[in-house]
Structures are given as structure tokens and as C-alpha cells.
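# An overview of the molecular structure
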2 protein chains.
Amino acid sequence: MTQKFIFSENPAADLERVIAELAPTSVAVVADVNTAQYVVPLLTAASPAIKAANLITVKAGDLNKTLDAAQSIWRALAQMQADRRSVLVAVGGGMVTDLAGFAAATYMRGIRAVYVPTTLLAAVDASAGGKTGVNFLGLKNMVGTFTEPVAAIISSTFFSTLTPDEVLSGYGEMLKHALLSDAKMLGRLLAFTPAAQASAMLPLVEESVKVKCKFVEGDLREGSKRRALNLGHSAGHAFEELAMKRTAAIPHGFAVAHGCVVALVLSHIHLGFPSDTLHSFAQFVAQHYPLDFTLTCDDYPELLALMHHDKKNTSRQTFNFTLLAEVGKPQIDCHVSEDDVRNALDIYRDLIGI
Amino acid sequence: MTQKFIFSENPAADLERVIAELAPTSVAVVADVNTAQYVVPLLTAASPAIKAANLITVKAGDLNKTLDAAQSIWRALAQMQADRRSVLVAVGGGMVTDLAGFAAATYMRGIRAVYVPTTLLAAVDASAGGKTGVNFLGLKNMVGTFTEPVAAIISSTFFSTLTPDEVLSGYGEMLKHALLSDAKMLGRLLAFTPAAQASAMLPLVEESVKVKCKFVEGDLREGSKRRALNLGHSAGHAFEELAMKRTAAIPHGFAVAHGCVVALVLSHIHLGFPSDTLHSFAQFVAQHYPLDFTLTCDDYPELLALMHHDKKNTSRQTFNFTLLAEVGKPQIDCHVSEDDVRNALDIYRDLIGI
């Protein structure tokens with residue numbers, strides 16, 4: 001069972017067709033309170049299967065990506081007597097697809113899921129790769145599975161209502177995918193103005209999803225090559241958590257974009273990653289991804305501690321980074337010393353101007 | 001990653017070796033209060049890896065196979081800072097392996113599990129096939145996954161402390177496996193006295209597990225051929241639930257043994273299953289599997305309703321049975337009318353003498 005990706009100008013019609021092909025005994029739609037109000041009606045208007053489906057609504061936001069929310073979905077599925085041939089359609093951002101994907105992966109040991117990502121970030125990240133899960137004890141995605149939906153229907157028609165920050169957040173993951181892929185793709189992305197051209201983005205999104213799929217293929221459980229997709233995430237997660245403590249959450253893709261700059265600095269030092277590409281990438285990030293908190297060397301101890309807590313970091317002595325010898329040439333498991341990370345953070349701050 | 005089966009005369013030593021090969025960052029042992037007291041000490045005495053492991057104890061019994069219990073395991077894993085390379089060892093009956101298997105399959109999206117089944121039923125059934133799960137809203141295994149442990153260590157040294165009913169219960173699934181396999185294997189099982197010879201059973205157990213694996217192979221998610229393993233379970237589950245309502249729970253394997261007789265009667269009527277084999281099988285069940293409740297035709301409506309509620313029964317009009325053309329020749333998805341089931345129950349009661 002391999003996941004289908006449908007890049008669609010008419011998601012309701014494509015969803016109707018996909019559901020018909022799956023021939024389910026019943027259909028449940030999971031949405032959060034926002035997508036239930038703004039997106040689901042667009043789908044019910046043009047898809048009889050969605051109109052006839054049971055709507056299961058969950059609270060919005062990552063804080064509600066909990067086991068309690070998963071239980072409310074399982075309960076609703078049981079109440080509607082969903083069986084093994086039922087289909088769950090998740091309509092929303094990554095919070096909804098992760099949560100509903102987990103509920104589907106575990107209800108009766110797994111029913112089929114279809115994702116309709118409504119944010120750019122969910123389209124280019126959560127919709128591919130099969131990571132499902134909920135937060136537990138305040139730990140992100142502590143409980144979950146690797147289970148791909150049967151299909152993801154990806155449409156830029158949903159992106160027109162996103163805020164510029166939401167568009168930029170998704171674009172951060174697209175930049176990362178371009179770094180992992182090839183210089184031409186990276187050039188196209190750095191020449192684009194994401195926040196202004198969101199609805200014209202579908203071809204770039206398709207290209208981006210295919211890069212992600214290439215790294216996931218044959219390594220769903222993140223044993224080796226898939227870990228290249230962690231590029232930018234070691235420092236990125238630390239930025240994300242520091243921001244949360246200091247001021248307010250920053251969008252995930254902002255953290256990843258900045259984390260990629262740190263990774264490219266380390267890549268330059270350790271693997272000779274080209275300096276001109278590093279500079280043009282950093283310039284794009286500095287221009288499009290302003291952070292509303294400052295960073296001084298006094299913050300380094302906390303940042304370093306947060307990097308150690310990253311769940312992909314299995315060693316306690318050094319820091320494990322995915323680095324690039326050049327665009328499209330990732331090397332996983334690069335062990336970097338604390339001094340190296342400090343130096344890279346200094347250079348990163350110079351480049352970004354913070 | 002294919003599951004290993006180790007049929008062992010020295011389970012502690014084999015467990016030590018298996019854990020060494022897995023090279024985990026840490027080890028957790030999950031046991032229920034009984035196996036923690038009686039079995040885990042036997043393992044810690046001879047396995048330094050188990051002695052050094054964190055013991056996570058859960059309450060015993062199917063009523064405690066809950067999401068709460070799974071949460072207590074996840075919490076304990078998080079507290080010991082188990083990471084993706086940790087290993088969970090489940091020591092107990094099917095309740096423990098199902099529950100701990102589910103917790104392992106979902107902690108950080110899946111860590112490796114090793115099963116040490118301590119009952120015959122768990123050895124021949126729960127330890128193979130990858131079904132994990134917990135009960136939810138009173139519905140059996142409503143939440144779970146199909147995830148195989150990396151290894152199961154099966155030893156008849158644990159069976160010497162089982163009650164005769166526990167031995168017979170596991171033997172019920174072994175009888176089913178023999179029916180699905182070949183006449184010689186069935187002949188060997190019908191000539192054996194399970195309750196009296198439990199500790200000499202390891203070769204028969206190995207043979208039985210291999211039959212199960214043959215049907216699971218290539219169909220983990222129960223799409224087609226695996227469903228042959230439901231032989232005896234349509235009527236069996238109904239007997240089990242009726243008994244629970246009427247008097248007290250009957251062991252699962254008792255229900256399966258009786259369910260197999262019903263299935264063989266239907267097999268004789270519909271597919272010409274040989275009458276002599278049906279009779280010798282029914283005689284063995286009548287002799288070894290006494291039920292402490294009676295069954296009259298007044299019970300049929302309730303039994304039929306329970307059969308319809310079986311989650312494998314996707315049709316509402318007819319009853320879906322796995323039947324046998326002869327020993328070793330299963331046919332899944334045999335649609336049987338209500339009248340046929342009533343007739344089969346009449347003949348079953350005659351054969352068993354209830």
C-alpha cells in the first residue's frame with residue numbers, strides 16, 4: 001500500500017473520486033474547529049461522500065494534540081460503528097493530520113486515512129512520510145506511529161487564506177528540501193516571494209513533496225537516509241523551544257529556516273559547503289524570516305542544552321547534525337563538538353544580523 | 001525486520017543473548033503483578049541485562065488491558081529516558097504482550113519489543129502475528145497496531161506452573177492450527193493429553209507457531225489468507241460472550257475449541273468435510289473441554305446476535321465463517337445463512353452432548 005499524492009486544482013472533486021475508489025463502509029471527517037468552519041463546507045458542497053460523512057471536530061492548536069483528543073476520535077468512530085473498511089479523512093494543518101492519522105492508525109489496529117492538508121506546512125511536511133502522533137507529558141509526538149495515509153490531496157486553493165507567516169513557515173521546509181535536492185530548485189525558491197505568491201505555488205509544492213518522498217522511500221522508520229530530512233532541525237528545535245520560553249512560539253518553518261543557516265555554517269566549516277550559497281541562503285532567511293527575539297552568547301548554554309534534548313540526538317557527548325557537502329549532498333550523523341556549535345552560532349548571528 | 005522465534009530450554013540465557021544482539025541504549029521489562037513476582041526473578045537470576053533493566057509492573061487481567069495501563073508504561077519509559085534504541089521486554093500472558101506490545105509500538109513511534117510469553121495461549125497465539133492493543137470503551141482490542149516484536153522466546157519451562165485450564169486453553173488454539181495444517185499434526189494432538197504433559201509440549205508448540213506464521217506471512221494486516229486463522233472464532237467469540245453474561249468467563253481456547261466444532265459441522269454440510277474427522281475432533285473437545293453452562297435452542301437468538309457483532313463480520317445479512325474443505329484446506333469468507341447456523345448448533349450440541 002503506497003501513498004498517493006494528488007496535486008489538485010479541485011480538491012473536493014478529487015477527494016470524491018479517491019473515496020469512491022476506496023469503497024469504504026463509512027467515512028469520518030476529522031477537522032479542528034477552524035477547518036470545520038472554513039474548509040469542510042467547501043468540501044461538502046462539492047463532494048457527496050463528504051456531505052454524507054460523520055464530522056468529528058477537535059480543538060485547534062498543538063496544545064490539543066493529546067491522547068484525550070485521540071480518545072475523542074476513537075470514541076466517535078466507535079459510536080458511528082466505523083469498521084476496518086471505514087475511511088478517515090483528516091482536514092487541517094499538521095496538528096490535525098498527525099492526530100487523526102494516529103487515531104486512524106490505531107483504531108481497530110488501523111483504518112485507512114486520507115489527508116487534506118490545509119496549510120502549506122502540512123502540505124510539504126506532515127502529509128508525507130507517515131509520522132503520526134500526539135504529545136504526551138508535554139513531550140512532542142511522544143506517542144505515535146509511522147503510518148502513511150492512503151492518499152494526500154494537496155491544493156494551493158487552501159493557501160490563499162493563510163497568513164504570510166503561515167506561508168513562510170511552510171516555505172521554510174521547502175527551502176530545506178531544496179537544500180537536500182539541487183541547486184536549480186534552490187535557485188527557483190530563493191528567487192520567489194512566497195508570502196506574495198502563495199496561490200501560484202503548487203508546482204513548487206509538488207517538487208518539494210517529491211524531494212521529501214525520495215528521502216522517506218525505503219526508510220520510513222528513519223533508520224538512515226531519511227534522517228537527512230533533519231537538516232536544520234537540531235538548531236531549529238532549540239530555537240523553537242527557546243522562543244517559546246522567552247517570548248512566544250515562532251512558526252516551525254521559521255525555526256527550520258534559521259536552523260538551516262546554522263547547519264550550512266557548520267557544513268561550510270566541516271565539509272567545505274560553498275560560501276556563496278551559504279551567503280545567499282542566509283540573506284534570504286534574514287530578509288524573510290525576522291525573529292522577534294534576540295540572541296546573545298549568554299543564550300548559548302541554554303541552546304546547547306536544548307539541542308542535547310532533541311530526541312534524535314542519541315549521543316550525550318557530541319552534537320549530531322545533518323550537514324551538506326554541497327546542495328543535494330547530505331551527510332547524516334556528523335558529530336560536532338560544543339565549540340564548533342558555539343562558533344557556528346557566532347557566524348550565524350553575524351550573517352543574520354542578530 | 002522479521003520476527004525471530006526462539007524455542008528455548010533456557011529462556012534467561014537466550015534472552016540475555018537476544019538483548020546483547022539488539023545492543024539497546026536501555027531495557028525496560030513489563031510484567032504484570034504475577035509474572036513480576038514469579039517469572040521475572042527467574043530471568044534476573046540468570047540474565048544481567050534483565051537484572052539491570054527497569055521493571056514496569058501493571059495490574060493483571062484482561063480488564064486492565066486499558067489505555068490507562070498503556071499510559072503508565074509510556075510514562076515509565078519517559079521517566080527512564082528510554083529512547084528509540086531502547087528495548088522493551090514483555091513477560092507474561094497475552095494481556096501483557098498485547099498491552100506492552102502496543103506501548104512499544106507507539107512510544108516515540110515505535111521501539112523494539114521482545115516477548116517472553118509465560119502461558120501456552122500467549123506462546124502459540126499472542127506471540128506470533130503482531131496483533132497489539134488495548135480494550136477501549138469495553139470493546140476488545142479496539143485500539144492497537146499490527147506490529148511484530150523483534151523476537152519471541154518461547155519456553156515450556158514456564159508451563160509447568162499453569163493450571164490445567166490454562167494449558168487446555170492454549171491447546172485449543174493449537175487444535176485450530178492443526179486443523180488448518182495437516183491430518184498428521186491433528187492426529188498427534190488428538191493423541192496427546194495436554195493437561196498432563198504440558199512440560200513435554202515444546203516440539204508441538206513449535207510446530208503450532210509455525211502454522212500460525214505461515215498464515216500471517218505476507219498478510220499481517222489480515223486482508224485475506226490470514227483470516228483463515230479465524231477458524232472457530234465466529235462461534236467461539238459468541239460462546240465466550242454468552243458465558244461471560246451467564247455464569248463466568250470461560251478460557252479463550254475453550255471457546256475456540258467449541259467454535260471449531262461448530263465450524264467443522266458447517267464445513268461438513270457445505271464443503272463435505274470428512275465426517276470421521278469431525279467426530280473424532282468433537283469427541284476430543286467433549287472429553288477435554290467441559291463447559292459449565294448449558295445451551296438450549298432458546299439461546300440461539302442471543303448467540304446469533306453476538307456472532308453478528310464480531311468485528312470481522314462485515315456483512316449484516318449472512319454470517320461469515322472460515323470453513324474447511326478438509327484438514328489443511330481452509331476457505332475464508334464462506335457466507336452461511338441463519339438457518340444453517342441454527343442447524344449446525346443443533347448438531348454441535350448432539351456431538352458434544354449438551
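A word on the overall build of chain A. In terms of regular secondary structure, chain A is built from 15 helices and 10 strands. Taking 20 Å as the expected radius of gyration for a compact globule of 354 residues, we find that chain A reaches 20 Å, a close match to that expectation. Projected onto the principal axes, the alpha-carbon positions of chain A cover approximately 60 × 40 × 40 Å. In chain A, buried positions account for 59% of the 354 residues. At a minimum sequence separation of 6, the contacts of chain A that also span at least 24 residues come to 75%. When the accessible area of chain A is evaluated, it comes to approximately 13,500 Å², of which 52% is carbon and sulfur surface.

The next point concerns the interface of chain A and chain B. Taken together, the contact pairs 32 residues of chain A with 32 residues of chain B. Where chain A abuts chain B, roughly 3,200 Å² becomes buried across the two surfaces, and 58% of that area is made up of carbon and sulfur atoms. Remark: the boundary between chain A and chain B carries two salt bridges. Put simply, Arg84(A) and Glu222(B) hold a salt bridge, and the shortest N to O gap is 2.5 Å. Secondary-structure elements contributing two or more residues to the side of chain A that touches chain B are α5 (67–79), α6 (94–106), β6 (131–136) and β7 (139–146) of chain A. Looking at the side of chain A that touches chain B element by element, the count peaks at seven residues for β7(A). When its residues are assigned to classes, the side of chain A that touches chain B shows 13 nonpolar, eight polar and 11 charged.

All names here are of chain A. Although it is not a glycine, Gln 81 sits at a positive phi angle of roughly 55 degrees. A relative accessible area of 59% places Gln 81 in the exposed class. Backbone geometry at Leu 137 places phi at a positive 55 degrees, although glycine is not the residue there. Here Leu 137 lies in the loop between β6 and β7.

Glancing now at the sheet that holds strand β8 (residues 151–154) of chain A. All names here are of chain A. Strand order in the open sheet made by the six strands is β1-β8-β5-β4-β2-β3, with parallel pairing throughout. The sheet is open, and its two borders are formed by β1 (4–7) and β3 (54–58), each paired with just one other strand. Here the strands of the sheet are splayed against their neighbours by 20 degrees on average, with no regard to which way each runs. Relative to β8, β1 runs parallel, the two being bridged by four bridges. If you follow Phe 5 over to β8, its bridge partner there is Ala 152. In the packing of α5 onto the sheet, contacts are made with β2 (27–32), β3 and β4 (87–92), and the angle to β3 comes to roughly 165 degrees.

Here we take up the pairing of strand β5 (residues 112–117) of chain A. Residue and element names in this part refer to chain A. For β5, a buried count of six out of six residues is recorded, marking the element as mostly surrounded by other parts of the structure. Here β4 runs beside β5; their pairing, made up of six bridges, is parallel. By the bridge assignment for β5, Val 89 is matched with Val 114. Regarding topology, α6 serves as the crossover connection from β4 to the parallel β5, and that connection is right-handed. Relative to β8, β5 is paired through two bridges, and the arrangement is parallel. Among the inter-strand pairings, Val 114 is bridged to a residue of β8, identified as Ala 151.

This paragraph deals with the packing of aromatic side chains. Scanning all chains against the criterion turns up 14 aromatic pairs over all chains. When the ring of Tyr171(A) is compared with that of Phe192(A), the centres are 6.1 Å apart and the planes differ by 20 degrees; the resulting orientation is stacked. Linking Tyr171(A) in helix α8 (residues 164–181) with Phe192(A) in the loop between α9 (183–190) and α10 (202–216), this pair joins segments that are 21 residues apart in sequence. Both residues of the pair, Tyr171(A) and Phe192(A), belong to the buried class. Put simply, the rings of Trp74(A), Phe102(A) and Phe136(B) pair up and form one aromatic cluster. It is Arg109(A) that lies over the ring of Phe146(B); its NZ or CZ is 5.9 Å from the centre.

This part takes up the pairing of strand β9 (residues 319–324) of chain A. Residue and element names in this part refer to chain A. In terms of burial, β9 is largely enclosed, as six of its six residues are buried. Residues Phe 319, Phe 321 and Leu 323 of β9 are buried on one face, and the alternating residues Asn 320, Thr 322 and Leu 324, pointing to the opposite face, are buried as well. Summarising the sheet, β9 and strand β10 (residues 330–336) pair through five bridges and their orientation is antiparallel. Looking across to β10, one finds that Phe 319 is bridged to Val 336. Adjacent in sequence and paired antiparallel, β9 and β10 are bridged by five residues, among which Gly 328 carries a positive phi angle near 85 degrees.

Let us look at the domain arrangement of chain A. All names here are of chain A. As far as domains go, chain A holds domain 1 (4–161) and domain 2 (164–352). Between the C-alpha centres of domain 1 and domain 2 there is a distance of 27 Å. Taken together, the contact between domain 1 and domain 2 spans 21 residues of the former and 25 residues of the latter. Of all residues in domain 1, the largest losses of buried area upon contact with domain 2 belong to Phe 7, Val 124 and Phe 146, amounting jointly to 31% of the total for that side. Run the count over domain 1 and domain 2 and you get two salt bridges. Residue Lys 131 pairs with Glu 222 through a salt bridge whose shortest N-O separation is 3.0 Å. Inspection of the region where domain 1 meets domain 2 yields four residue pairs in polar contact (both at pLDDT 80 or more). Sorting the residues of the side of domain 1 that touches domain 2 by element identifies β1, α7 (120–126) and β7 as the ones contributing at least two each. Taken together, the residues that form the side of domain 1 that touches domain 2 break down as 10 nonpolar, six polar and five charged.

Rules used throughout
Residues numbered from 1 in each chain as written. Chains lettered and ligands numbered in written order. Predicted model: local features only at pLDDT ≥ 70, side-chain atom pairs only at ≥ 80, totals over all residues. Heavy atoms only, no water. Helix = DSSP H or I, 4+ residues; strand = E, 2+ residues; numbered from the N terminus. Rg over C-alpha atoms; globule rule 2.2 N^0.38 Å. Buried < 20%, exposed > 50% of the residue type's maximum accessible area, 1.4 Å probe, protein only. Contact = heavy atoms within 4.5 Å. Areas by Shrake-Rupley, 256 points an atom, 1.4 Å probe, with all protein chains shown as cover. Buried area = accessible area lost by both parts, 1.4 Å probe. Salt bridge = Lys/Arg side-chain N within 4 Å of Asp/Glu carboxyl O. Nonpolar A, V, L, I, M, F, W, Y, C, P; charged D, E, K, R; others polar. Pairing = 2+ DSSP bridges. Axes fitted to C-alpha atoms, helices over the stretch in contact; angles between N-to-C directions. Right-handed = clockwise from strand over helix to strand, strands pointing away. Phe/Tyr/Trp six-rings, centres within 6.5 Å; stacked < 30°, edge-to-face > 60°. Lys NZ or Arg CZ within 6 Å of the ring centre and 35° of its normal. Domains from an automatic or database assignment. Polar contact = N/O pair within 3.5 Å; in protein donor to acceptor, adjacent residues only side chain to side chain.

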